[in-house]
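The chain contents come next:
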Amino acid sequence: DTGVSQDPRHKITKRGQNVTFRCDPISEHNRLYWYRQTLGQGPEFLTYFQNEAQLEKSRLLSDRFSAERPKGSFSTLEIQRTEQGDSAMYLCASGAHRTSTDTQYFGPGTRLTVL
Amino acid sequence: AQKVTQAQTEISVVEKEDVTLDCVYETRDTTYYLFWYKQPPSGELVFLIRRNSFDEQNEISGRYSWNFQKSTSSFNFTITASQVVDSAVYFCALSELTGANSKLTFGKGITLSVRP
């Protein structure tokens, strides 16, 4: 059973550049989540997909952020015009909606540093 | 709004000591799920346990045990005979069943250091 994978693991960029992260969920999982974790804090919810539909976005997700899951499989998270405050670990999780809730399994994360 | 409080920020113990990590939650829902995750230095969150609000039975898995008490809104985690490999950040999380999104609300985490 292959777990959740994320690419790249680390990204260093200059302020104002655009970055894109990829998440590959566990293959049979139809739910996919993005979270952001800053130093010393727990992960915070950003957005959620069920299959290819983006069903919820957090207020944390400014208009510089966009996420897609075009075929209901992998997902991408793009940040445009990065700011230093975007520096964080971006975590992806997937789950299978078999009951009223699902256990979310996390990937290793992408650590973004904005200089 | 839902909230998870992990009042302890850092705990340091010597190997073989027992240690309890506290978690207190707030929710208006009667149906919800509670989770514990472990985040070792590598950074990946590892799922440990899921508990639903209707099941207050304590659970034991090897050296790990969990005590869920609805009366005090607590879901505490005990590691018996701690080992150096238990060193990590531990997060408690809550999921409410509102709509289709079972997003997690996390506490700030507890950094556990186990010294040899």
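Residues numbered from 1 in each chain as written. Chains lettered and ligands numbered in written order. Predicted model: local features only at pLDDT ≥ 70, side-chain atom pairs only at ≥ 80, totals over all residues. Heavy atoms only, no water.

**Q** What exactly am I supposed to notice about the interface of chain B and chain A here?
**A** Many descriptions give the size of an interface as the accessible area lost when the pieces come together. Across the contact, 21 residues belong to chain B and 25 residues belong to chain A. The contact between chain B and chain A buries some 1900 Å² in all, and 49% of this surface belongs to carbon and sulfur atoms. In this assembly, chain B and chain A are joined by one salt bridge. Linking lysine 103 of chain B and glutamate 56 of chain A is a salt bridge whose minimum nitrogen-to-oxygen distance equals 2.7 Å. In this structure, the connection of chain B to chain A is made through eight residue pairs in polar contact (both at pLDDT 80 or more). For the side of chain B that touches chain A, the secondary structure elements donating two or more residues are strand 5 (32–39), strand 6 (46–52), strand 10 (88–96) and strand 11 (104–106) of chain B. When residues in the side of chain B that touches chain A are grouped by element, the largest group, four residues, is from strand 5 of chain B. Its residues assigned to classes, the side of chain B that touches chain A shows 10 nonpolar, seven polar and four charged. (Contact = heavy atoms within 4.5 Å. Buried area = accessible area lost by both parts, 1.4 Å probe. Salt bridge = Lys/Arg side-chain N within 4 Å of Asp/Glu carboxyl O. Polar contact = N/O pair within 3.5 Å; in protein donor to acceptor, adjacent residues only side chain to side chain. Helix = DSSP H or I, 4+ residues; strand = E, 2+ residues; numbered from the N terminus. Nonpolar A, V, L, I, M, F, W, Y, C, P; charged D, E, K, R; others polar.)

**Q** Please explain the confidence of the model for chain B as it appears in this structure.
**A** If pLDDT is low for a region, its predicted coordinates should not be looked at in detail. Within chain B, residue pLDDT values average 93, and 96% of them lie at 70 or more. In the model of chain B, strand 7 (residues 59–61) of chain B stands out as the element of lowest mean pLDDT, 89, in contrast to strand 3 (residues 19–21) of chain B, which has the highest, 98. (pLDDT = per-residue confidence, 0-100.)

**Q** Help me understand the sheet that holds strand 8 (residues 75–79) of chain A in this model?
**A** Consider a sheet: its strands pair through backbone hydrogen bonds, and that pairing is either parallel or antiparallel. Residues and elements named next belong to chain A. Across the sheet, four strands lie side by side as 1-3-8-7; this open sheet has antiparallel pairing. Strands with a single pairing partner mark the edges of an open sheet, and in this sheet they are strand 1 (5–7) and strand 7 (65–68). Averaged over neighbouring strand pairs, the angle between their axes works out to 15° when direction is ignored. Bridge count for strand 1 against strand 3 (residues 19–24) is three bridges, and the pairing is antiparallel. Among the inter-strand pairings, aspartate 7 is bridged to a residue of strand 3, identified as arginine 22. (Pairing = 2+ DSSP bridges. Axes fitted to C-alpha atoms, helices over the stretch in contact; angles between N-to-C directions.)

**Q** It is not clear to me how the pattern of salt bridges should be interpreted in this structure. Could you clarify?
**A** Pairing between side chains becomes possible if they bear opposite charge and their charged atoms approach one another. All names here are of chain A. Under the counting rule described, the total for this entry stands at seven salt bridges over all chains. For arginine 22, the salt bridge identified is with aspartate 24, shortest N-O distance 2.7 Å. Here arginine 64 makes a salt bridge to aspartate 86, at a shortest N to O gap of 2.9 Å. A residue pair is termed long-range when its members are at least 10 positions apart, and arginine 64 in the loop between strand 6 (53–57) and strand 7 and aspartate 86 in the loop between strand 8 and strand 9 (88–95) qualify at 22 residues.

**Q** When you look at the packing of aromatic side chains in this model, what are you seeing that I'm missing?
**A** Each pair of aromatic rings is reported with the distance of its centres and the angle of its planes. All names here are of chain A. For the structure shown, the criterion picks out 22 aromatic pairs over all chains. Centroid distance phenylalanine 21 to tyrosine 90: 5.4 Å. Interplanar angle 40°. Geometry classified as tilted. Taken as a pair, phenylalanine 21 in strand 3 and tyrosine 90 in strand 9 lie far apart in primary sequence, 69 residues in all. Relative accessible area serves as the criterion here: at 0%, tyrosine 90 is assigned to the buried category. Look at tyrosine 35 and phenylalanine 45: their rings are 6.0 Å apart centre to centre, the planes differ by 75°, and that puts the pair in the edge-to-face class. With tyrosine 35 in strand 4 (residues 31–37) and phenylalanine 45 in strand 5 (residues 44–50), the pair connects residues that are 10 residues apart, well separated along the chain. On the basis of relative accessible area, tyrosine 35 is assigned to the buried category, the value being 0%. Positioned above the aromatic ring of phenylalanine 74 is the side chain of arginine 22, whose terminal nitrogen or guanidinium carbon lies 3.9 Å from the ring centre. (Phe/Tyr/Trp six-rings, centres within 6.5 Å; stacked < 30°, edge-to-face > 60°. Buried < 20%, exposed > 50% of the residue type's maximum accessible area, 1.4 Å probe, protein only. Lys NZ or Arg CZ within 6 Å of the ring centre and 35° of its normal.)

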